[in-house]
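# An overview of the molecular structure
This is what each chain is made of:
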Amino acid sequence: MTDLNRRLFLRGSAATLLGCSAAAHPLLTTVTLAAGAPALGENRLVVVILRGAMDGLDAVQPLGDPLFTRYRPTLGVQTGAQTLDGYFGLHPNLAALLPLWQKGELGFVHATSTPYRDKRSHFDGQDILEAGTGLDVPQAEVRDGWLNRMLQVVPGLTAETAYAVGREALPLLTGAATVRNWTPDLKLALTPQSRLLLEHIYHDDDLFRDAAQEAMELAAEMDLDRMSGETMQAGAAKAPKRLADLDKLAQFAAERLRGETRIAAFSLSGWDTHRAQRGSLGQSLTGLERLVLQLRSGLAGDWDRTLVLAMTEFGRTVAENGTRGTDHGTGGAMLLAGGALKGGRVMGRWPGLAEADLYDRRDLMPTTDVRHWAAWAMRGLYGLDRSVLENAVFPGLSMQDDPGLLR
């Protein structure tokens, strides 16, 4: 059993024994945080995994390409998209982000993907996205995530400065570097007597003693009751439950990032849109829009030193299907936001939509690797050596030219 899985098992066992309660919601998956200001400086990185394959062609629509409406007779017409640069349009459910675009705090990468090709499996695609490896590494040998590998190479990041929060492991942080785990919705309430009893019971058992101690320390540090204080409750009460949960997630991450935490990572589900895409994707994009705005609000002055990367496992078919949805594809889009971003542009080389320009004559042709953008973000934010990024964090990656992501 890996260290991470063992800790998760121990955490679950300890929670059961102690009578902890958990409130689950599909939107709240896992939050991964890494602290260590002395090693990483003042810049912040937020990585959001969009599980289910977001349709980048709907989020950032190539309105300047006349073929777009031919491929999408219902999804590509009367979309209400907001003009970005005269060629691309922004999905209306992201319209509240336009002021960020105008300030250069929002940008996109189009026609990008991991090296994963052809099989179009969500599980395999997400594994490769979070592992940060190429196809030269057999999937069965993928053991860790690219964020965990970064923790292993940056001096000053220790077990006390990196931890995961959530109901399940986020593969981004799976690996040899020791992490701490907690679930935002867990409530661990112990009387002083109960705590003393627990310490006595586990005193001579290194494994259980450390897990129990970790749980108690994290519960005290995070002060979850304070997070659900009056201000947040007032705002959340006006929003649907789904958005209120996103607010909680964003505020949790922002609170940690205002402190010693420098990297936060978590995932949002709900991006698989085979049917009735207009409604389902719109809801998911509204959530992403809200998340970005809540992070911006919660980070306050630290927003200027923050970069948000939202990435997905692959894109979707260029043509809509018979149920007004889209199927699993290849090239997709990334969303970037933050005061540290040099945005206000759609980055990456646009391949076009002519049939001969498509991948396998059905998907948007990927022209860049998502790891390229993540690697340059980490180099720009934290000054990681290029050779470390190409060999240790993203083994086998050629970073190529600097895209100038940051201000």
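Please refer to the structure placed before this passage.
About the cut-offs
Residues numbered from 1 in each chain as written. Predicted model: local features only at pLDDT ≥ 70, side-chain atom pairs only at ≥ 80, totals over all residues. Heavy atoms only, no water. Helix = DSSP H or I, 4+ residues; strand = E, 2+ residues; numbered from the N terminus. Buried < 20%, exposed > 50% of the residue type's maximum accessible area, 1.4 Å probe, protein only. Contact = heavy atoms within 4.5 Å. Areas by Shrake-Rupley, 256 points an atom, 1.4 Å probe, with all protein chains shown as cover. Lys, Arg positive; Asp, Glu negative; His and termini not counted. Salt bridge = Lys/Arg side-chain N within 4 Å of Asp/Glu carboxyl O. Polar contact = N/O pair within 3.5 Å; in protein donor to acceptor, adjacent residues only side chain to side chain. Pairing = 2+ DSSP bridges. Axes fitted to C-alpha atoms, helices over the stretch in contact; angles between N-to-C directions. Left-handed = near helix turned anticlockwise from the far one by under 90°. Nonpolar A, V, L, I, M, F, W, Y, C, P; charged D, E, K, R; others polar. Core = buried A, V, L, I, M, F, W, Y, C linked by side-chain atoms within 4.5 Å.

### A few points about the overall build of the chain
Counting its secondary structure elements, the chain contains 15 helices and 13 strands. The buried share among the 407 residues of the chain stands at 55%. Intrachain contacts of the chain at a sequence separation of at least 6 include 77% that bridge at least 24 residues. Within the structure as shown, the chain displays about 16700 Å² of accessible surface, and the carbon and sulfur contribution to it stands at 52%.

### Concerning the environment of Leu268
Its location among the elements puts Leu268 in strand 9 (residues 261-268). Between the alpha carbons of Leu268 and Gly287 there is a distance of 9.0 Å; along the sequence they are 19 residues apart.

### Thoughts on the side chain of Asp58
Positionally, Asp58 belongs in helix 3 (residues 56-59). Among buried charged residues, Asp58 stands out as having no salt bridge; its nearest opposite-charge side chain is Arg72, 4.5 Å away. There is a polar contact of 2.8 Å between the side chain of Asp58 and the side chain of Gln277. When near neighbours in sequence (up to four residues on either side) are disregarded, Asp58 contacts Arg72, His91, Gln277 and Leu281.

### Examining the sheet that holds strand 5 (residues 89-90)
The strand order 3-5-4 describes an open sheet built from three strands, whose pairing is antiparallel. Looking at which strands have only one partner, the edges of the open sheet turn out to be strand 3 (60-61) and strand 4 (82-83). Two elements, strand 3 and strand 5, share two bridges in a ladder whose sense is antiparallel. Along strand 5, the bridge assignment pairs Gln61 with Gly89.

### Looking at the environment of Val46
Turning to its location among the elements, Val46 is positioned in strand 2 (residues 44-50). Along the primary structure Val46 and Leu257 are separated by 211 residues, whereas in three dimensions their C-alpha atoms are 9.1 Å apart.

### Here's the deal with the pairing of strand 9
Of all eight residues in strand 9, eight are buried, a share of seventy percent or more. Across six bridges, the pairing between strand 2 and strand 9 is parallel. Looking across to strand 9, one finds that Val46 is bridged to Ala264.

### Examining the packing of helix 12 (residues 241-258) against helix 13 (residues 277-299)
Where helix 12 meets helix 13, the closest approach of the two axes is 8 Å, and the angle between their N-to-C directions is 35°. Judged by the twist between their axes, the crossing of helix 12 over helix 13 is right-handed. Here Arg242, Leu243, Leu246, Asp247, Ala250, Gln251, Ala253, Ala254, Leu257 and Arg258 of helix 12 lie close against helix 13, whose contacting residues are Gln283, Thr286, Gly287, Arg290, Leu291, Gln294, Leu295, Gly298 and Leu299. Across the contact of helix 12 with helix 13, the residue classes tally to nine nonpolar, six polar and four charged.

### Considering the nonpolar core
Counting 41 residues, the largest nonpolar core has Val48, Leu84, Leu291, Leu295 and Leu335 as its most contacted members. Those elements that provide at least two residues to this core are strand 2, helix 5 (98-102), strand 6 (106-113), helix 12, strand 9, helix 13, strand 10 (306-312) and strand 11 (332-337). Among the nonpolar cores identified, the runner-up in size contains 39 residues, and Met150, Ala265, Met347 and Ala374 belong to it.

### Concerning unusual backbone geometry
Of note in the backbone geometry, Ala111 takes a positive phi value of approximately 55° without being a glycine. With respect to the secondary-structure elements, Ala111 resides in strand 6. Of note, the phi angle at Ala276 is positive, near 40°, even though the residue is not glycine. Turning to its location among the elements, Ala276 is positioned in the loop between strand 9 and helix 13.

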